[in-house]
Amino acid sequence: MSSRLDEPQDRGDFFKVLGTLVAGFLAERSGTAVTKASPALLRPPGALDELAFLAACARCGRCLQACPPQAILQAPSGAGLAAGTPYLLPRSMPCFLCADLPCTAACPEGALAWPRREGLEGPRAVRMGTARVKAESCLAYPAADREAEPCRACVDRCPYPGEALALVEGRPRVDPALCAGCGQCVHACAATTPAVVVDPGARP
């Protein structure tokens, strides 16, 4: 039988466990709310899930310095919880999926981790987001003010042409399971209004 001397320890353990459970529950429920407080940004290769990334990123800028094409930018002060964190604007400069992913290697806090996925690793395993073709802007689709015209600029620029992005009946089609979300297709798009966008967010 427990003595009164044991009671504080028992209650302390109980509340510690209870606190852990409540924290986990709240973290799961509040994750979406927290990330909604910041804009949806396209993160560099190997970024953790957004909530974990925001917590781990030191805002040190080392990944920006390590990026050979200087594609990585730093979110401005008006970006809410994401202020100071790294992101990319593919229309200006996409990620070129460097073989050694120097931006990932430069991260001191593990906010960017070497990607591994289903037996793949490195650039082939990168899933920064998913490209999406906007038919209303794409030159390969007819529109009210123009006819469709042959265009394969996005497919030719894709690092995995015919796989992640392919022409199907003359029109670009994305395979979400293979798309790296690098934005090279966005950068190459010949339409005045970008017809390809990348929805940020890694996928399982």
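Since we're looking at a predicted model, the values are computed, not measured. (Residues numbered from 1 in each chain as written. Predicted model: local features only at pLDDT ≥ 70, side-chain atom pairs only at ≥ 80, totals over all residues. Heavy atoms only, no water.)

Check the secondary structure of the protein chain and you find 6 helices and 8 strands. Reading the protein chain from its N terminus to its C terminus gives the helix and strand order α-α-α-β-β-α-β-β-β-α-β-β-α-β. Taking all 204 residues of the protein chain together, 37% fall into the buried category. Partitioning the contacts of the protein chain with sequence separation of at least 6, the portion at a separation of at least 24 is 62%. Counting every atom, the protein chain has about 11700 Å² of accessible surface; 56% of that belongs to carbon and sulfur. (Helix = DSSP H or I, 4+ residues; strand = E, 2+ residues; numbered from the N terminus. Buried < 20%, exposed > 50% of the residue type's maximum accessible area, 1.4 Å probe, protein only. Contact = heavy atoms within 4.5 Å. Areas by Shrake-Rupley, 256 points an atom, 1.4 Å probe, with all protein chains shown as cover.)

Right, let's talk about the nonpolar core for a bit. Membership of the largest hydrophobic core comes to 33 residues, with the highest contact counts inside it found for Leu88, Leu97, Ala131, Leu165 and Cys185. Listing elements by their share of this core, those giving two or more residues are helix H5 (153–157), helix H6 (184–188) and strand S8 (196–200). (Core = buried A, V, L, I, M, F, W, Y, C linked by side-chain atoms within 4.5 Å.)

On to the environment of Arg117, then. By the secondary structure assignment, Arg117 is in strand S3 (residues 116–117). For Arg117, a relative accessible area of 18% corresponds to the buried category. For the pair Arg117 and Arg127, spaced 10 residues apart in sequence, the C-alpha to C-alpha distance is 9.2 Å.

Per the counting criterion, the structure on display carries 0 aromatic pairs. Over the aromatic face of Tyr160 sits the side chain of Arg124, whose NZ or CZ is 4.0 Å from the ring centroid. (Phe/Tyr/Trp six-rings, centres within 6.5 Å; stacked < 30°, edge-to-face > 60°. Lys NZ or Arg CZ within 6 Å of the ring centre and 35° of its normal.)

Here we take up the environment of Arg152. Examined against the element boundaries, Arg152 turns out to sit in the loop between strand S5 (129–133) and H5. Through-space distance from the C-alpha of Arg152 to that of Pro172 is 7.3 Å; in sequence the pair is 20 residues apart. Side chain to side chain, Arg152 and Asp156 meet in a polar contact 2.8 Å long. (Polar contact = N/O pair within 3.5 Å; in protein donor to acceptor, adjacent residues only side chain to side chain.)

All chains considered together, the criterion is met by 0 disulfides. For Cys158, which is in no disulfide, the shortest distance to another cysteine sulfur is to Cys182 and amounts to 6.4 Å. Cys158 sits in the buried class, given a relative accessible area of 11%. (Disulfide = S-S within 2.5 Å.)

Note that Gln184 resides in helix H6. Contact partners of Gln184, with chain neighbours within four places excluded, come to Pro94, Cys95, Phe96, Arg157 and Pro159.

Below, the discussion takes up the confidence of the model for the protein chain. Mean pLDDT for the protein chain: 86, with 80% of residues reaching 70 or above. With pLDDT under 50 throughout, residues 1–9 is counted as low confidence; its partners more than four residues away or in other chains account for 1 contact. (pLDDT = per-residue confidence, 0-100.)

With a phi close to 55°, Arg59 is a non-glycine residue in the positive phi region. Looking at where Arg59 falls in the secondary structure, it is placed in the loop between helix H2 (50–56) and helix H3 (62–66). On the basis of relative accessible area, Arg59 is assigned to the partly exposed category, the value being 27%. Here Leu97, not a glycine, exhibits a phi torsion of approximately 50°, which is positive. The residue Leu97 is located in the loop between strand S2 (86–88) and helix H4 (102–106) in this model. According to the relative accessible area criterion, Leu97 is buried, its value standing at 9%.

To continue, consider the pattern of salt bridges. Considering all chains together, one arrives at 4 salt bridges under this definition. Linking Arg124 and Glu163 is a salt bridge whose minimum nitrogen-to-oxygen distance equals 2.5 Å. Note that Arg124 is positioned in the loop between strand S4 (120–121) and S5 and Glu163 in the loop between H5 and strand S6 (165–168), a separation of 39 residues in sequence. Take Arg124: its relative accessible area is 33%, and that puts it in the partly exposed class. A salt bridge links Arg132 to Asp199, with the shortest nitrogen-to-oxygen separation between them at 2.9 Å. Of this pair, Arg132 sits in strand S5 while Asp199 sits in strand S8, and the two are 67 residues apart along the sequence. Take Arg132: its relative accessible area is 40%, and that puts it in the partly exposed class. (Salt bridge = Lys/Arg side-chain N within 4 Å of Asp/Glu carboxyl O.)

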